[in-house]
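# Summary of the model geometry
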Amino acid sequence: MGKGFFISKVVAVVCVVVAISAVATIIALSVVYAQEKSKNQETPATATTETTAGPGTQTTTPSTPKEPWQRYRLPDSLSPISYNVTLWPRLTPKPDGLYIFSGYSTVLFTCVNETDLILIHSNKLNFTMFDGYHAQLKAVDGASAPQLKKSWLEVPTQYLVIQLSNPLQAGSTYELFTEFVGELADDLGGFYRSEYYEDGVLKILATTQMQPTDARKAFPCFDEPAMKAVFHMTLIHPHGTVALSNSMNYEPINITTPDGLNLIQTSFGPTEIMSTYLLAFVVCDFGFIQSDLGAEVLIRIWARRKAIDEGQGAYALEKTGPILSFFEKYYKIPYPLKKSDQIALPDFSAGAMENWGLITYRETALLYNPAVSSNGDKEWVATVISHELAHMWFGNLVTTKWWNDLWLNEGFATYVSYLGANYTEPDWNMSDLIVLNEIIGVMAVDALASSHPLSSKEADVMRPEDINALFDSITYSKGAAVLRMLSSFITEEVFSNGLSMYLEEFKYKNTVYQDLWKNLQTAVDNAGIQLPHSVEVIMNRWILQMGFPVVTIDTSTGKISQKHFLLNPDSVVDVPSEFNYEWFVPITWIKTGAAKDQYWLLTKEATNPDMTIGASEWLIANIDMKGFYRVNYDSENWDRILTKLSTQHQAIPVINRAQIIDDAFNLARAKIVSTTLALSTTRFLNAELEYMPWQTATRNLDYFVLMFDRSEVYGPMQGYINKKVTPLFKHFKDLTANWTKIPEKHTDQYNQVNALSWGCSTGVEGCKELTTAWFKEWMDNPDNNKISPNLRTTVYCSAIAEGGVVEWDFAWGMYRNATIASEAEKLLYALSCTKQPWLLNRYLEYCLVPTMIRKQDATFTINYIAGNPIGQPLAWDFIRANWDHIFNNYGGGSMSFGRLINGVTKRFSSEFEYKQLLQFKEDNINQLGSAASSLEQALERTKANMDWLALNKKLVFDWFTNEISRTV
């Protein structure tokens, strides 16, 4: 290993202690292992039956718990100090095919309040019994510990329960020892295994994903974010593998078990005091690259050896250092650790995880190969790295007390990830792309009556499935949007100063969101910024009630009003708000291109005489979409905006050109403006070359495609879009010298994809011939793919849609042989583009075979298929027929379940489909898990789609038909 791999010799003495303890460690673990071998089928049955009930499943726990172990929250009687954990993952299966890990743990804790009960989280662990009990207890410093009276596993609430004969004494310290075996499953949670092939050889690695509630699957622990402690980890692993954890390792030692196995024991330095969900450890045979020796912070990028040898980690290594430096300056606090390991895993459920000192990633979020990866892949790597590094301070150093404030961690990291990425890639204009990537999309979700506030009450977020349900776009993207808005009206500098004070005050501690408001208020006061109310009073209206307002400005009178914006105005909001769904709204605006002073709308209605306009003037509000609200105008101002777009669109800021389109389409869906007005905002696109307006139009026209691609409206609509995209197609053909060069500008590279995608789907002359010829050339020479990485998704999809089984099978073969995750992901999507139903059905079946499609990709693949109008009914039938299997084998608490329901039902727009949804809800009421809220949103959205179609189908058909005949 490289020199930077080891802790300095200052702590070498600890290695002696570790070596002495190794023999006892291995003997204990070997006994467990021998017991496991002798039990054969008995152990798996025990290990797998002692599980928590699936989310939504009826359990024995009463709705009003009477006993402490029937409650999902830990009592405040005990507080952990440190853990000493030793784990031994078996990277080869037992004769029955089961992979296991064994281990033992000692937790040192203080008794805060006298109690005769120990509750510690445990899930799916099989314990060694000591004199009939699951654990051993002893007091520290010579005191005596009470005798154990009774112990058992409380499966519904995931506790190991220990009743004592006498109470623990307040102020005293104790140690609890447990020894256990668990399954090293492929379920992507807790301590799990990942599999991949290298040179035809199956490789197994052991890794972790603890957030939010799966540390308890690896070892017994007080598994709540406020129960911070120091962790001392030891991993036992085969020769030829390396062990990683949050801290630097001491020098590994060779050991031999009583039954003759030669292994390595690697121990790690103590972690900083931190939450259980941030713990990580990996056993693998990966390679790595690292920062220069002598660097203040050791940075290492770990991945499959082939990926490292091919240079796929170089971009991540290049950008990690500068992003860390940016955040050190932004927070005004040094990076708290000595190293930053980042590892790309073949199987990983989320995009990445901010484990302190050992960040885990999907391969697509960390690895980049310029020969085959697109600019979108590169941007994803930069923003995900930035997001995770932002957490090293905000989330890790300072952690929210409970999951109800998850939005603060994730929303903040999402917002500042764009600042970090913008710093390291200044030509990309990332601070603007947050509007497209986060804000516009989440506004559609937050406009539903079934949305939820950013911050929930603690009492409403108790069960693991409740916590998992919070990992949604509201938490991440709306959280980012409202923090961006706050940063805008108090200024970024003041925002940064307030953050620095917050982090300094609460480092290594836990907080609630009010603690951040308090520090930001101090920064505001220090800067002399005048606000109409305190930061807390203003922001509470944005985080404690769901939704956002539509602000209507009448430019003839200067009257301004606000109203809770609902995509379906007939939907019923049955969740009361103490603020009556009114907000304190910071309105930025321009009049005929000139910026005006910000105006605060503090009541339901107000009047600002400055917002009246003259005969030749026009007004646009919410400049650069810094505010989280939509804007409507009187018809006269709308007409003037449309005229300006048609005659001089560049006079309007580019983000606001996108905003005008998005606001108009959503206002039309809410029946506030006419659908023809919304469609009219796209007329200028034949002269538009910028990405943001085109991408916004694409997303909104996609809704029309979803609603009409099975009806007679589709033809005229395609004709209209063809008319608008043809100039863009020709522009990029010229700009790229007949598609042979890559545009220099980052967003031009994106917009080239729009030109090609719309061009081929609407029949622009020469487009399909181009893509099928490129694909055919690749099929003829599979080892030499000349298709530009930026265009591959579109080209693959177009060619597979035009082709048949030969093209599909070729793409499937290339997917199976892909060694670069981003390339595999492109093919995974493109395979869903076929128009052959039998191929789509076969593809759906592959989704339930992990050796064909990894579990982490299954729900995405089903959604891709559902995005195909031919595949949508097939996908819906498939998940209904297989829901029980999907739910039980792909994790009822999985964050992707909500996306699955949303994706498969987004086309629903008929009474028949609505009734099918209701029936699905009734049939699966007890096993919806984290998809429950998404199902409610799907029902609401389907109703809104039905109403919208009834009102607009003929009108839209006539409008598109008339527009085709118009002269551009």
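As a convention, each chain's residues are numbered from 1 in the sequence order in which they are written. Side-chain atom pairs in this predicted model are given and counted only at pLDDT of 80 or more, local residue features only at pLDDT of at least 70, and totals for whole chains, interfaces and linings cover all residues. Heavy atoms from the whole structure form the basis of all side-chain values; hydrogens and water molecules are not counted.

## Thoughts on the sheet that holds strand 24 (residues 559–564)
This is how it is decided: Any two strands are treated as partners once DSSP identifies two or more bridges connecting them. The numbering of helices and of strands both runs from the N terminus, where a helix is a DSSP run of H or I of at least 4 residues and a strand a run of E of at least 2. The convention used is that axes are lines fitted to C-alpha atoms, helices contributing only their stretch in contact, and that angles between N-to-C directions extend from 0 to 180 degrees.
Taken in spatial order, the four strands make up an open sheet running 29-24-23-31, and their pairing is mixed. Both edges of this open sheet fall to strand 29 (605–607) and strand 31 (630–633), since each of them pairs with a single strand only. Between one strand axis and the next, the sheet turns by 20 degrees as a mean value, whatever way the strands run. Sheet analysis places strand 23 (residues 549–554) next to strand 31, joined by four bridges and oriented parallel. Its bridge partner lying in strand 31, V551 is registered against V631.

## Some points on the nonpolar core
Using the following cut-off: In plain words, nonpolar cores are sets of buried Ala, Val, Leu, Ile, Met, Phe, Trp, Tyr and Cys residues tied together by side-chain atoms within 4.5 Å. Between buried and exposed lies partly exposed: a residue is buried under 20% and exposed over 50% of the maximum accessible area for its type, with that area taken using a 1.4 Å probe on protein chains only. Segmentation into domains, and thus their bounds, comes from an automatic or database assignment. Any two residues whose heavy atoms approach within 4.5 Å are treated as being in contact.
Formed by 304 residues in total, the largest nonpolar core has its most connected members in Y330, W517 and I587. If you tally residues by element for this core, the top one is helix 17 (residues 691–708), at 11 residues. Two domains each provide a minimum of three residues to this core, namely domain 1 (69–284) and domain 2 (873–967). Discounting chain neighbours no more than four positions away, the residues touching Y330 are F412, Y415, V416, L419, E492, F495, S496 and L499.

## A look at the UniProt feature "coiled-coil region" (unreviewed entry) in the protein chain
Stated precisely, the cut-off is as follows: UniProt positions are given in the numbering used here, feature names are shortened, and annotations may be inferred rather than shown by experiment.
Here the UniProt-annotated "coiled-coil region" (unreviewed entry) positions come out as residues 918–945. With 71% helix and 0% strand, residues 918–945 has its two end C-alpha atoms placed 16 Å apart.

## With respect to the side chain of T360
What counts, and what does not: Counted as a polar contact is a pair of N or O atoms within 3.5 Å, where, for protein atoms, one must be capable of donating a hydrogen and the other of accepting one, and residues adjacent in sequence contribute only when both atoms are in side chains.
Inspection of the secondary structure puts T360 in strand 20 (residues 358–362). T360 sits in the buried class, given a relative accessible area of 0%. Of note is the side chain of T360, whose polar atom sits 2.9 Å from the side chain of N355. In this structure, T360 is in contact with T207, T208, Q209, I343, L345, F348, A352, M353 and N355, ignoring residues within four places of it in sequence.

## Section: the domain arrangement of the protein chain
What the domain assignment reports for the protein chain is domain 1 (69–284) and domain 2 (873–967). Put simply, the middle of domain 1 and the middle of domain 2, counted by C-alpha atoms, are 41 Å apart.

## Examining the pairing of strand 23
Taken together, the six bridges between strand 23 and strand 24 define a ladder with antiparallel strand orientation. Residue V551 lies in a different strand from strand 24, and its bridge partner there is Q562. Where strand 23 folds back onto strand 24 in an antiparallel hairpin, the turn is made up of four residues, including G558, whose phi is positive at roughly 80 degrees.

## A word on the sheet that holds strand 19 (residues 352–353)
With respect to topology, five strands assemble into an open sheet ordered 16-17-18-20-19, the strand pairing being mixed. Of all the strands in the sheet, the pair left with one neighbour each is strand 16 (287–290) and strand 19. Sheet analysis places strand 17 (residues 298–303) next to strand 18 (residues 339–345), joined by five bridges and oriented parallel. By the bridge assignment, R300 is partnered in strand 18 with D341. Against the sheet, helix 4 (residues 314–331) touches strand 16, strand 17 and strand 18, its axis set at about 150 degrees to strand 17.

## Details of the packing of aromatic side chains
What counts, and what does not: Here the aromatic set is Phe, Tyr and Trp, taking the six-membered ring for Trp, and pairing holds for ring centres within 6.5 Å; pairs whose planes are under 30 degrees apart are stacked, those over 60 apart are edge-to-face, and all others are tilted. The criterion for a charge sitting over a ring is simple: Lys NZ or Arg CZ within 6 Å of the ring centre, and within 35 degrees of the ring normal.
Under the criterion given, the structure shown has 67 aromatic pairs. A cation over a ring is seen here: R73 above W402, with NZ or CZ 3.6 Å from the ring centre. When the ring centre of Y703 is taken as reference, the NZ or CZ atom of R669 above it lies at 3.6 Å.

## Topic: the confidence of the model for the protein chain
Our working rule: Per residue, pLDDT measures the predictor's confidence, with a range of 0 to 100.
On average, residues of the protein chain carry a pLDDT of 91, and 93% of them reach 70 or more. Taken together, the stretch residues 1–62 has pLDDT below 50 and engages in 124 contacts with residues farther than four places along the chain or on a different chain.

## Regarding the state of the cysteines
We apply this condition: Only a pair of cysteine sulfur atoms within 2.5 Å counts as a disulfide in this structure description.
The tally for this structure, following the rule as stated, stands at two disulfides. Two residues share a disulfide in this structure: C760 and C767, whose sulfurs sit 2.1 Å from each other. Measuring handedness by torsion sign, the sulfur bridge of C760 and C767 sits at about -90 degrees and is left-handed. With a relative accessible area of 4%, C760 lands in the buried category.

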